[in-house]
Amino acid sequence: KAGVTQTPRYLIKTRGQQVTLSCSPISGHRSVSWYQQTPGQGLQFLFEYFSETQRNKGNFPGRFSGRQFSNSRSEMNVSTLELGDSALYLCASSLEAGGSTDTQYFGPGTRLTVL
Amino acid sequence: AQSVTQLGSHVSVSEGALVLLRCNYSSSVPPYLFWYVQYPNQGLQLLLKYTSAATLVKGINGFEAEFKKSETSFHLTKPSAHMSDAAEYFCAVSVGTSYGKLTFGQGTILTVHP
């Protein structure tokens, strides 16, 4: 089975722009979670989607949004980029995630640099 | 709310020596605990997870961890370190209503010396 894929792997943007990141989960997985990883704040949960519905959300401003499609693929969008948004954005998929024993399988991440 | 504390941001061992990475958690409800490893420029890979079935959990690459409720700990060990174990390790917790949210510790960078 193919793993979680994320595109693009690297991205450079300037302040004020917006960006869309894409995540394709493992085949059959219905839950997709997004995380932001920075040296200062570590790994922080952004949001989780299941069957096209956001079920959980972390403490991030409204500039961060996401969606999930009927084939479970997910996108996250960051509008009005700030320098502090520079980070590695990780996507993870799991079968259900309703039960928290589900294993989350992570993609390689998208490295976003904001100049 | 749940939280995780990893004691020691950097741990250095010699090849062949015992690896011990410490993790303490805080949760008001029974937790599920995970250890992930991250190699440079890669995502996270699951090493092992505790889901209340057994307190001693064996994972991949010779790693294991023991859940100790009285100490609220879930330390990761490996009897003999290998050069390929050099990476960053993350302890994480989730609870029954997490819905896809893992709460991570700050990570421990493991260095293995020849």
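The following refers to the structure shown. (Residues numbered from 1 in each chain as written. Chains lettered and ligands numbered in written order. Predicted model: local features only at pLDDT ≥ 70, side-chain atom pairs only at ≥ 80, totals over all residues. Heavy atoms only, no water.)

Turning our attention to the interface of chain B and chain A. Each partner contributes residues to the interface: chain B has 22 residues there, and chain A has 24 residues. Considering only the side of chain B, the residues that lose the most area to chain A are Leu 44, Tyr 99 and Gly 100 of chain B, jointly responsible for 29% of the buried surface there. At the boundary of chain B and chain A, one finds five residue pairs in polar contact (both at pLDDT 80 or more). Elements with a contribution of two residues or more to the side of chain B that touches chain A: β4 (32-38), β5 (44-50) and β9 (87-94) of chain B. Residues that form the side of chain B that touches chain A fall into these classes: ten nonpolar, ten polar and two charged. (Contact = heavy atoms within 4.5 Å. Buried area = accessible area lost by both parts, 1.4 Å probe. Polar contact = N/O pair within 3.5 Å; in protein donor to acceptor, adjacent residues only side chain to side chain. Helix = DSSP H or I, 4+ residues; strand = E, 2+ residues; numbered from the N terminus. Nonpolar A, V, L, I, M, F, W, Y, C, P; charged D, E, K, R; others polar.)

Turning our eyes to something else, we now look at the packing of aromatic side chains. This structure, assessed with the given rule, holds 14 aromatic pairs over all chains. Taking 5.6 Å as the distance between ring centres and 40° as the angle between the ring planes, the aromatic pair formed by Tyr 35 of chain A and Phe 106 of chain A counts as tilted. A residue pair is termed long-range when its members are at least 10 positions apart, and Tyr 35 of chain A in strand β4 (residues 31-38) and Phe 106 of chain A in strand β10 (residues 105-106) qualify at 71 residues. On the basis of an interplanar angle of 55° and a centroid distance of 6.1 Å, the ring pair of Tyr 36 of chain B and Phe 104 of chain B is categorised as tilted. In this pair, Tyr 36 of chain B is assigned in strand β4 and Phe 104 of chain B in strand β10 (residues 103-104), connecting sequence segments 68 residues apart. By relative accessible area, Tyr 36 of chain B is classed as buried at 0%. With relative accessibility at 8%, the residue Phe 104 of chain B sits in the buried group. Pairwise contacts between aromatic rings join Tyr 35, Phe 45 and Phe 106 of chain A together with Phe 34, Tyr 36, Phe 90 and Phe 104 of chain B into one cluster. (Phe/Tyr/Trp six-rings, centres within 6.5 Å; stacked < 30°, edge-to-face > 60°. Buried < 20%, exposed > 50% of the residue type's maximum accessible area, 1.4 Å probe, protein only.)

With that settled, consider the sheet that holds strand β1 (residues 3-7) of chain B. Residues and elements named next belong to chain B. The sheet built from five strands is open, its strands ordered β1-β3-β8-β7-β6 with antiparallel pairing. Edge positions in the sheet fall to β1 and β6 (56-58), since each has one partner strand and no second. Averaged over all pairs of adjacent strands, the angle between their axes in this sheet comes to 20°, without regard to strand direction. Bridge count between strand β7 (residues 64-68) and strand β8 (residues 73-78): five bridges; the pairing is antiparallel. Across the sheet, the residue bridging to Lys 68 is Ser 73, located in β8. (Pairing = 2+ DSSP bridges. Axes fitted to C-alpha atoms, helices over the stretch in contact; angles between N-to-C directions.)

Residue and element names in this part refer to chain A. Tallied over the entire structure, the rule returns two disulfides over all chains. For Cys 23, the disulfide goes to Cys 91, at an S-S distance of 1.7 Å. For the disulfide bridge between Cys 23 and Cys 91, the dihedral angle about the S-S bond is near -50°, and by the sign convention the bridge is left-handed. You can see Cys 23 sitting in strand β3 (residues 19-24) and its partner Cys 91 sitting in strand β9 (residues 87-94), a full 68 residues away along the chain. Judged by relative accessible area, which is 0%, Cys 23 ranks as buried. Looking at Cys 91, the relative accessible area reads 0%, which means it is buried. (Disulfide = S-S within 2.5 Å.)

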